[in-house]
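Notes for the structure review
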Amino acid sequence: MSDRHISQHFETLAIHAGNTADPLTGAVVPPIYQVSTYKQDGVGGLRGGYEYSRSANPTRTALEENLAALEGGRRGLAFASGLAAEDTLLRTLLSPGDHVVIPNDAYGGTFRLFAKVVTRWGVEWSVADTSDPAAVRAAFTPKTKAVWVETPSNPLLGITDIAAVAQIAHDAGARLVVDNTFATPYLQQPLALGADVVVHSLTKYMGGHSDVVGGALITSDQTLGEELAYHQNAMGAVAGPFDSWLVLRGTKTLAVRMDRHSENATKIADMLSRHARVTRVLYPGLPEHPGHEIAAKQMKAFGGMVSFQVEGGEEAAVEVCNRAKVFTLGESLGGVESLIEHPGRMTHASAAGSALEVPADLVRLSVGIENVDDLLEDLQQALG
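None of these values were measured; they are calculated from a predicted model. Starting afresh in each chain, residues are numbered from 1 along the sequence in its written order. Selection of residues for local features in this predicted model requires a pLDDT of at least 70, selection of side-chain atom pairs for listing and counting requires 80 or more, and totals for whole chains, interfaces and linings are taken over all residues. Side-chain numbers here rest on the full set of heavy atoms in the structure, without hydrogens or water.

Considering the overall build of the chain
Numbering of helices and strands runs from the N terminus, with a helix taken as a DSSP run of H or I at least four residues long and a strand as a DSSP run of E at least two residues long. Secondary structure assignment for the chain yields 13 helices and twelve strands. Referenced to the eigenvectors of the C-alpha coordinate spread, the extents of the chain come out at roughly 70 × 50 × 35 Å. Burial classes follow relative accessibility: with a 1.4 Å probe on protein chains only, a residue under 20% of its type's maximum area counts as buried, one over 50% as exposed, and anything between as partly exposed. Here the chain holds 384 residues, and the buried ones make up 54% of them. Summarising the internal contacts of the chain: among those between residues at least 6 apart in sequence, 71% fall at separations of at least 24. Here, Shrake-Rupley sampling with a 1.4 Å probe gives the accessible areas, and only protein chains in the shown set may cover a residue. Carbon and sulfur atoms form 52% of the exposed surface of the chain, whose accessible area is close to 15,600 Å². A contact between two residues is defined here by any heavy atoms of the two lying within 4.5 Å.

Below is the structure:
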């Protein structure tokens, strides 16, 4: 991160970090360097450090500098997807025989990566309720090298005390990985709370417009950053220049979008908590949420994700999803438009039959930035 950004506030960093005016034309937006290779100034003489766009690309560099600044880290790395970032991280941190503690409420793709891919590589894992520090500590083995946390979690909106779990991990010589996709660095900065690495699906709030797929890793550990960069190049699942440009555009408005997402979600959670057909609302902004106090301590606001359970079981939950009109039935989250889905049949189907299986009567909302009255009316008619 450049020294000129150190004292600037988040909203200013989001617009300026990594966004250096083009030296040739003065363009205020970094160009899309749609290029694979670069002319060298003699054998081994790299101009600006660029030789091949898998190793580095100026548009991706701009995004990576922006990401590092927003998370308060020293090194940011951009990937082709969130799972590509996770895979690179795991193969950097772990060796066959190592053990990882994973949450009992995690994104289905993350669980699939551990259960179906990493396991075949000889890495062991066990599940713990990461909202309970004692449960995390009990899950450790002599081989534990990392703890994986999502907070808020997907899709049950669980909250983990990052500082407390970081201390447990570090006392045991392990690293803490925090998936910060739901909160974003505007609402929560895990590195400042003791995390070693932050993971993002840039597809979600960071891009913010449902038009790009990407992932990121950010760390404050310079040595670890270099190791991750080595594996990023060696494994090759990098973000392309146009995708990098789209995310860089998205982060500029992250703060104002997250304010609106959070404001709308708070009003929706309040309405749902009073609806006769809703049996439970999962939103850390509600005082009755078990993680509310910790969330209030480590988050600026409570985000745009809301989950709820309905009376009538699975079929009733599916019907609510099908009846929505302003909320679009679809997977993913974090775009300006509101989405609704049934996690058990959609994003978390891979967790069926496991310790991470989600309730069948659960509906998940990604609350967008539309007029909240329209969203409230839509949910009320969908619930009937």
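Description of helix H6 (residues 162-171)
Along H6, the positions that sit buried rather than exposed are Ile-162, Val-165, Ala-166, Ile-168 and Ala-169. Taken end-on, H6 shows its buried residues confined to a sector of 160°, consistent with a single buried face. On its buried face, H6 sits against helix H5 (133-139), strand S4 (144-150), strand S5 (175-179) and helix H11 (292-298). A 3.5 Å cut-off defines polar contacts: any pair of N or O atoms within that distance qualifies, except that in protein one atom must be a possible hydrogen donor and the other a possible acceptor, and neighbouring residues in sequence count only when both atoms are side-chain atoms. The N-cap residue of H6 is Asp-161: its side-chain oxygen and the backbone nitrogen of Ala-163 are 3.3 Å apart. Backbone geometry just downstream of H6 places Gly-173 in the positive-phi region, at approximately 75°. The arc refers to the directions leading from the helix axis to the C-beta atoms.

Thoughts on the sheet that holds strand S2 (residues 99-103)
For two strands to be treated as a pair, DSSP must find no fewer than two bridges joining them. Pairing is mixed in the open sheet, where seven strands are placed in the order S1-S7-S6-S5-S4-S2-S3. Looking at the sheet topology across the chains shown, the edges are occupied by strand S1 (75-79) and strand S3 (124-128). Direction aside, neighbouring strands of the sheet carry axes that sit 20° apart on average. Along the sheet face, helix H2 (residues 58-71) touches S1, strand S6 (197-201) and strand S7 (215-219) and points at about 130° away from the line of S1. In this description, a line fitted to the C-alpha atoms serves as the axis of each element, helices being fitted only across the stretch in contact, and the angle between N-to-C directions of two axes falls anywhere from 0 to 180 degrees.

Description of the sheet that holds strand S8 (residues 278-282)
Spatially, five strands are ordered S8-S9-S12-S11-S10 in an open sheet, and the strand pairing comes out mixed. Edge positions in the open sheet fall to S8 and strand S10 (328-329), since each of these has one partner strand only. The sheet contact formed by strand S11 (residues 339-341) and strand S12 (residues 362-366) spans three bridges and is antiparallel. Paired with Ile-340 across the bridge in S12 is Leu-365.

As for the nonpolar core
Residues Ile-268, Leu-272, Val-281, Val-306, Phe-308 and Leu-365 are the most contacted members of the largest nonpolar core, which totals 68 residues. The element best represented in this core is helix H10 (residues 254-273), accounting for eight residues. Setting aside residues no more than four positions away along its own chain, Leu-365 makes contact with Ile-268, Leu-272, Gly-304, Met-305, Val-306, Phe-308, Phe-327, Leu-339, Ile-340 and Leu-379. If you look at the next biggest cluster of nonpolar residues, it comprises 27 residues, including Ala-84, Leu-90, Ala-146 and Leu-224. What we call a nonpolar core is a set of buried Ala, Val, Leu, Ile, Met, Phe, Trp, Tyr and Cys residues that are connected through their side-chain atoms within 4.5 Å.

Looking at the pairing of S1
The element S1 is largely enclosed, with a buried count of four among its five residues. Across five bridges, the pairing between S1 and S7 is antiparallel. Each bridged residue has a counterpart across the sheet, and for Ala-78 the counterpart in S7 is Ala-216.

So yeah, pure geometry; function would need other evidence.
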